[in-house]
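# A closer look at the structure
One-letter residues, chain by chain:
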Amino acid sequence: MVPPVQTLGELRQRSGGRTRPVKQEIRDNLVRKLQAGERLFPGIIGYDDTVVPQLVNAILSRHNFILLGLRGQAKSRILRGLLGLLDDYIAVVPGCEIHDDPLAPVCGACRARVAAEGDRMPIAWLPREARFVEKLATPDVTIADMVGDIDPIKAAQAGLNLADELTMHYGLLPRANRGIFAINELPDLAGKIQVGLFNILQEGDVQIKGYPIRLNLDVMLVFTANPEDYTARGKIITPLKDRIGSEIRTHYPTTRGNAVAITAQEAWTERAGGPRVEIPAYVREVVEEVAFQARADRKIDKRSGVSQRLPITTLELVVSNAERRALAAGEKVVVPRVTDIYAALPSITGKFELEYEGELRGAEQVARDLIRSAVGSVFAGVFDGVDTRTVVEWFDLGGSLPLGDGTPASEVIRETCNVQGLRELADRTGVTVGASAPAMASAIDFVLEGLYAQKKISRSDERGYVASAEPQQARRAARRDESMDEDVRLPGGGKKKYYN
């Protein structure tokens, strides 16, 4: 709600003539939120014990700070979350381009107006949303864009010297006065622009076309950058780096649970006007595990990173592929399957940069390998210690299942009903009694894909699921050795060892 104060005199009475810098304002509101136990950065998951405490310390210290991290680590979202630490409204001089404070104006025109009108001068109220200015740094940004430029026409019309501040056309930074100015990818700014920022951080002034202009701005400066660029060997000038108060490192989700929560929050999976969408937990986990596998794969460039947008967009395509299948089959509920993840290859291949070894293999094949590894990892966690030999032997005896990601749920259940032990394995995925056909088909698909990922069976686009290409006799011999190793034990609990 806009405060009822309308004139400078009323504002003086209400505030006692005191002003408050923006960094102090943000600090005071942060202190209040901490005392009330409020959540500081809604929507930021997985940073409560790492990034958020460092952010709080920087704000309590009234620092300008920079967030260092790879792409897709919520850096921009954190900066935009600072809006919640600003007051709802602040008083400004009406019509001032730099939102001058009526109680302590720094703009020459505003000072003259306050002197002429006194307490009768009307005031305006600026909402917090207008106090956040964001700029993506690019090499073509000029000092005029960031700070401003001299307007010779304005100087000629008013009969002013070009060095007079009244001749200046303000850029983004002065227009962020009494607010927050965020610069994304700071090292991409040209060196002379970084020098201009350094001068403002240090002295509060800047030279424009050879004329010194003093700007006593009240602004909180926050930045983001890639760690690879933010070094002496990168593109950042050392004096500017030295003047930034705090350097805070961000990171990717450290646990699959946090990653699942982030993707569930960000992905568009609730499709209005169509069948109901039910996403099994193992599908969500496999989607996240693809990103974890990619970040650890030596064929993918670590310096570029693998954005959290990979699982977000992947899950959306997975749901869309399942939705397409459900609409074609007339199914009442949309339940994604693990095989639907292969339909999301267009999203996965665009989210990472390949090293030389990966370029030789190809982006699509690297993505397929990542999916298979992810399925194997999640499957091993769900079926740890579970005997799957009955299903594998059914395939070894010549069984095959010509199934694909477009096969309707009813057909999947009908084709697999004779596979001994498959239904029991599917039940271990958490499928409840009386579950819908699409849910059961998804669970069966997960079991088959898990066995394929562990190379116990094979799959091809032409034949579907068949026996593994590994010689059956070798696998049976390995199982006999495992059985003997389990049965024959030495006194004291040790196992008998066999040597060739």
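Using the criterion set out here, one finds 28 salt bridges in the structure. Between K241 and E247 there is a salt bridge; the shortest N-O distance is 3.8 Å. With relative accessibility at 39%, the residue E247 sits in the partly exposed group. R423 serves as the salt-bridge partner of D427, at 3.6 Å between the closest nitrogen and oxygen. Here D427 and its partner R423 are both found in helix α19 (residues 422-427), 4 residues apart, which amounts to about one turn of the helix. Take D427: its relative accessible area is 38%, and that puts it in the partly exposed class. Judged by its relative accessible area of 45%, R423 falls in the partly exposed class. It is possible to trace a salt-bridge network through shared partners that takes in R20, D28 and D87.

Even without being a glycine, H99 presents a positive backbone phi close to 55°. You can see H99 is positioned in the loop between β2 (89-92) and α5 (108-117). On the basis of relative accessibility, which here comes to 16%, the residue H99 falls in the buried class.

Bringing the nonpolar core into the picture now. Formed by 63 residues in total, the largest nonpolar core has its most connected members in I300, F352, I371, F395 and L448. For this core, the element with the most residues is helix α20 (residues 437-453), which contributes 10 residues. If near-sequence neighbours (up to four positions away) are discounted, I300 is found in contact with A294, V306, F352, E353, L354, E355, V366 and L370. Formed by 44 residues, the second largest nonpolar core is a distinct cluster that contains A91, I183, L217 and L221.

A few words now on the pairing of strand β14 (residues 457-460). Pairing analysis gives 4 bridges linking β14 to strand β15 (residues 464-467), with the strands arranged antiparallel. For S458, the partnering residue across the bridge sits in β15 and is V466. Remark: 3 residues form the turn of the hairpin made by β14 and β15, two consecutive strands paired antiparallel.

Further remarks concern the side chain of S246. Within the secondary structure, S246 is located in strand β11 (residues 246-249). Residue S246 is classed as buried on the basis of its relative accessible area of 15%. Setting aside chain neighbours within four positions, we find S246 in contact with A58, H63, N64, F65 and I66.

Okay, the pairing of strand β1 (residues 65-68) next. Here β1 shows no split at all, with F65 and L67 on one side and I66 and L68 on the other all buried. Across 4 bridges, β1 lies against strand β10 (residues 219-225) in parallel orientation. What sits directly across from I66, in β10, is F223.

Right, let's talk about the packing of helix α18 (residues 409-416) against α20 for a bit. The interhelical angle for the contact between α18 and α20, taken along N-to-C directions, is 55°, at an axis separation of 8 Å. The angle between α18 and α20 places the two elements in the oblique class. Seen from above, α18 lies across α20 with left-handed handedness. Facing α18, whose interface residues are A409, V412, I413 and T416, α20 presents A437, P438, M440, A441 and I444. For the contact of α18 with α20, the per-class residue count stands at 8 nonpolar, 1 polar and no charged.

What counts as what
- Residues numbered from 1 in each chain as written.
- Predicted model: local features only at pLDDT ≥ 70, side-chain atom pairs only at ≥ 80, totals over all residues.
- Heavy atoms only, no water.
- Salt bridge = Lys/Arg side-chain N within 4 Å of Asp/Glu carboxyl O.
- Buried < 20%, exposed > 50% of the residue type's maximum accessible area, 1.4 Å probe, protein only.
- Helix = DSSP H or I, 4+ residues; strand = E, 2+ residues; numbered from the N terminus.
- Core = buried A, V, L, I, M, F, W, Y, C linked by side-chain atoms within 4.5 Å.
- Contact = heavy atoms within 4.5 Å.
- Pairing = 2+ DSSP bridges.
- Axes fitted to C-alpha atoms, helices over the stretch in contact; angles between N-to-C directions.
- Parallel < 35°, antiparallel > 145°, perpendicular 65-115°, else oblique.
- Left-handed = near helix turned anticlockwise from the far one by under 90°.
- Nonpolar A, V, L, I, M, F, W, Y, C, P; charged D, E, K, R; others polar.

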